[in-house]
Amino acid sequence: MPDVVASAVRLAVEISHMSAAAGDSSRLLDGLWEPLQRLVPFTAGWIGMFDPEERRHVTAAAVGHDGPGYSYLESPSFTEQVDAVELFRRRRPMCLRDAPLPALEYRSWAELWWPAGYREGLGVPLVTRDGRRLGVMSLLTDSPDHPSDEARDAIGMVAPMLTDAIDPMSTVVGLAALVSEARASVAVDRVGSVHRVPGLPSHPLLMGESLVVPTAVGKLADHRTHVAFLCPNPGAENQDDYMKVTGIACRPGPPSYLSALVVLSRAGDLHGLTRRELEVLGFLIDGRPNQHIASRLFITERTVAAHLEHIRAKFGAPSRTVAAVRSLHEALYIPHELAGS
C-alpha cells in the first residue's frame, strides 16, 4: 500500500509538472504512459475524448493497441458498453472484476480483449469539475492481479488532475481571459453547437436564432485565428449601444472537440461612427461596390458615397481602402451578415 500511495503522489506531481511544461495537452498525454506504468503495469492504454454529437469517443492518446482495438474503442459500441456498466453514474474507476457481469458476458472481452491475452482492465471516467463528460481512460493488463484495488483507487484520486490538464475548456477559459472586459462567452464545437464557458455568463446575442455566433465562426474560416467586429446590442436602452464580438479559433483535432470561442465585450470608442456608417464599413471590408451596398441597405448610391466621405473624415483616411483597413484593425464595423439586425 505505501508503494501505491507513493506512486500515486509521484504521478500527480508529474501530471502537474507536465501540464505546466507541455504547452498543449497532446504533449502531456504522450508523456503520461510511463508514470502510469509504475502504478499499473498495463499492456495497452487508451484515452478517448467523448464526442457529444456522435456519441462516441475519439482517440486522444494510445499505446499497445492494434487496428481492431482502435476501431472498437472509437465505435458507438464501446460507448454503449461504458453506459451499460454505469461508469459515469459511479464516477469512479472500475476494474473488470467490478463489472456487473462476468468478463466473457461482454462482447468486447469475449471477442477482442480475452483472445488478445488481456485478463484484467481498468476504466476511468474523466469528468470535469463542473460535471461535463470529458472522456474515458482504459488500461488493460495481462494479469488478473493488476490493477490492485489500491492502485485503482489511487488512479481515481489522480483522475481529476488529469481531466483538468486535458480539458479543452481549460484552454478556452484562458483564451477568454485575454479579451479585455469580457462580459459573456460561449465555446462552439465542430458542428456549431454552443457550450457554456465556466466563469462567464452567456448572452442572448450568443444563443437561439442570433447570427452572431455563426458569423464569427464563418469569419474564422480559411485558417484565420482571430476576428473582431461590432454587433448592435438589442437588449440596451440606447439604440446606438454595441457589443464587441471577438472570435478565436481553437486548436483543431483531439483531444479538443471545440472549434471556436466567441466572446462579447464593451465596444469602446466608436470615433463618432453611426450605425449606418458601421454597416457600410462591413460591406466595404468585403470589397462590395457602392451599388451593392446601396441595394442591400435600401439607400441610394449617392447616400452611400456621402457615408463614405463621412467615414474617411472620421478616420482621417485618405481613401476608402485605408478607412476599411483601419476599421478592420480596430473592429469598428458591423458585418454585412448582421446589417439591419
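Residues numbered from 1 in each chain as written. Predicted model: local features only at pLDDT ≥ 70, side-chain atom pairs only at ≥ 80, totals over all residues. Heavy atoms only, no water.

1. Section: the overall build of the protein
Rules: Runs of E in the DSSP output that reach at least two residues are strands. Runs of H or I that reach at least four are helices, and both are numbered from the N terminus. Radius of gyration here uses only the C-alpha atoms, and the compact-globule reference equals 2.2 Å multiplied by the residue count raised to the power 0.38. Contact criterion: two residues are considered in contact whenever any of their non-hydrogen atoms come within 4.5 Å of each other. Each accessible area value is a Shrake-Rupley result obtained with a 1.4 Å probe; residue values ignore everything except the protein chains displayed when judging cover. Under the counting rule used here, the positive set is Lys and Arg, the negative set is Asp and Glu, and His together with the chain ends is not counted. Charge coordinates come from a single atom per side chain, which is NZ of Lys, CZ of Arg, CG of Asp or CD of Glu.
The helix and strand tally for the protein stands at 14 helices and 10 strands. A compact globule built from 341 residues should have a C-alpha radius of gyration of about 20 Å, whereas the protein, at 26 Å, is more than 25% larger. Nonlocal contacts in the protein, meaning residues at least 24 apart in sequence, comprise 61% of its contacts between residues at least 6 apart. Total accessible area on the protein is roughly 16500 Å²; 53% of this is exposed by carbon and sulfur atoms. Separation between the mean location of the 33 positive side-chain charges and that of the 40 negative ones in the protein comes to 6 Å.

2. Looking at the nonpolar core
Formally: The definition of a nonpolar core used throughout is a set of buried Ala, Val, Leu, Ile, Met, Phe, Trp, Tyr and Cys residues joined through side-chain atoms within 4.5 Å. Burial here depends on accessible area, computed with a 1.4 Å probe over protein chains only, as a share of the maximum for the residue type. Under 20% is buried, over 50% is exposed, and the range in between is partly exposed.
Within the largest apolar cluster, 42 residues are counted, with the highest numbers of intra-cluster contacts made by Leu-206, Val-245, Ile-311 and Phe-315. Looking at which element gives the most residues to this core, the answer is helix α11 (residues 275-285), with 5 residues. With residues up to four places along the chain from it excluded, the contact list for Ile-311 reads Leu-273, Glu-277, Val-280, Leu-281 and Ala-323.

3. A word on unusual backbone geometry
Cis geometry is adopted by the peptide bond preceding Pro-147, which originates at His-146 and carries an omega value of 0°. The residue Pro-147 is located in the loop between β5 (133-141) and α8 (149-166) in this model. Even without being glycine, Phe-298 reaches a positive phi, approximately 60°. Residue class for Phe-298 comes out exposed when judged on its relative accessible area of 75%. Positive phi values are uncommon outside glycine, yet Ala-331 reaches one of about 55°. With respect to the secondary-structure elements, Ala-331 resides in the segment after α14 (320-329).

4. Focus on the layout of surface pockets
So the rule is basically this: Here a cavity means grid points, on a 1 Å grid over the protein atoms only, where a 1.4 Å probe fits yet cannot get out; a pocket means an open set of points with protein on both sides within 12 Å along at least five of seven lines; lining residues are those with an atom within 4 Å of a point. Grid points are joined across faces, edges and corners, and a volume is the space filled by probe spheres set on the points. Polar here means any residue other than Ala, Val, Leu, Ile, Met, Phe, Trp, Tyr, Cys and Pro, which are nonpolar, and Asp, Glu, Lys and Arg, which are charged; Gly is therefore polar.
The computed volume of the second largest pocket comes to approximately 340 Å³. Lining the second largest pocket are 19 residues, with His-226, Ala-228, Lys-244, Thr-246 and Ala-331 sitting closest to its centre. Listed by contribution, the elements that provide at least two residues to the lining of the second largest pocket are β8 (226-232), β9 (242-249), β10 (258-266) and α14. Among the residues making up the lining of the second largest pocket, the classes are represented as 8 nonpolar, 6 polar and 5 charged.

5. Section: the pattern of salt bridges
We apply this condition: When a carboxyl oxygen of Asp or Glu is within 4 Å of a side-chain nitrogen of Lys or Arg, the pair counts as a salt bridge.
Under the definition given, this model contains 19 salt bridges. A salt bridge links Asp-83 to Arg-55; its shortest N-O distance comes to 3.3 Å. Residue Asp-83 is located in helix α5 (residues 76-84), and its partner Arg-55 is located in the loop between β1 (44-51) and β2 (56-63); the two are separated by 28 residues in the primary sequence. For Asp-83, a relative accessible area of 35% gives the class partly exposed. Here Arg-55 falls in the partly exposed class, since its relative accessible area comes to 41%.

6. Some thoughts on the sheet that holds β9
Short version of the rule: Between any two strands, pairing holds if DSSP finds at least two bridges. Every axis in this analysis is a line fitted to C-alpha atoms, fitted for helices over the stretch in contact. Angles between the N-to-C directions lie between 0 and 180 degrees.
Pairing is antiparallel in the open sheet, where 5 strands are placed in the order β7-β6-β10-β9-β8. The outermost strands of the open sheet, each flanked by one partner alone, are β7 (194-196) and β8. On average, adjacent strands in this sheet sit at an angle of 30° to one another, irrespective of strand direction. As paired strands, strand β6 (residues 182-189) and β7 are joined by 3 bridges and run antiparallel to one another.

7. Focus on the packing of aromatic side chains
Keep this limit in mind: Think of it this way: a Phe, Tyr or Trp ring, Trp meaning its six-membered ring, pairs with another when their centres are within 6.5 Å, and the plane angle makes it stacked under 30 degrees, edge-to-face over 60, tilted otherwise. Over a ring means this: the NZ of a Lys or the CZ of an Arg is within 6 Å of the ring centre and within 35 degrees of the ring normal.
In this structure the tally under the stated criterion is 6 aromatic pairs. Seen in terms of ring centroids, Trp-33 and Phe-42 are 5.8 Å apart; in terms of plane orientation they differ by 65°. Their pairing is edge-to-face. Geometrically, the ring pair formed by Phe-229 and Tyr-333 is tilted, given 6.4 Å between the ring centres and 50° between the ring planes. Here the residue Phe-229 occupies a position in strand β8, and Tyr-333 occupies one in the segment after α14, the gap between them amounting to 104 residues. Assessed through its relative accessible area of 0%, Phe-229 is described here as buried. Just above the ring of Trp-114 sits the side chain of Arg-119; from NZ or CZ to the centre is 4.0 Å. Here Arg-133 stacks its cationic end above the ring of Phe-50, 4.4 Å away from the centre of that ring.

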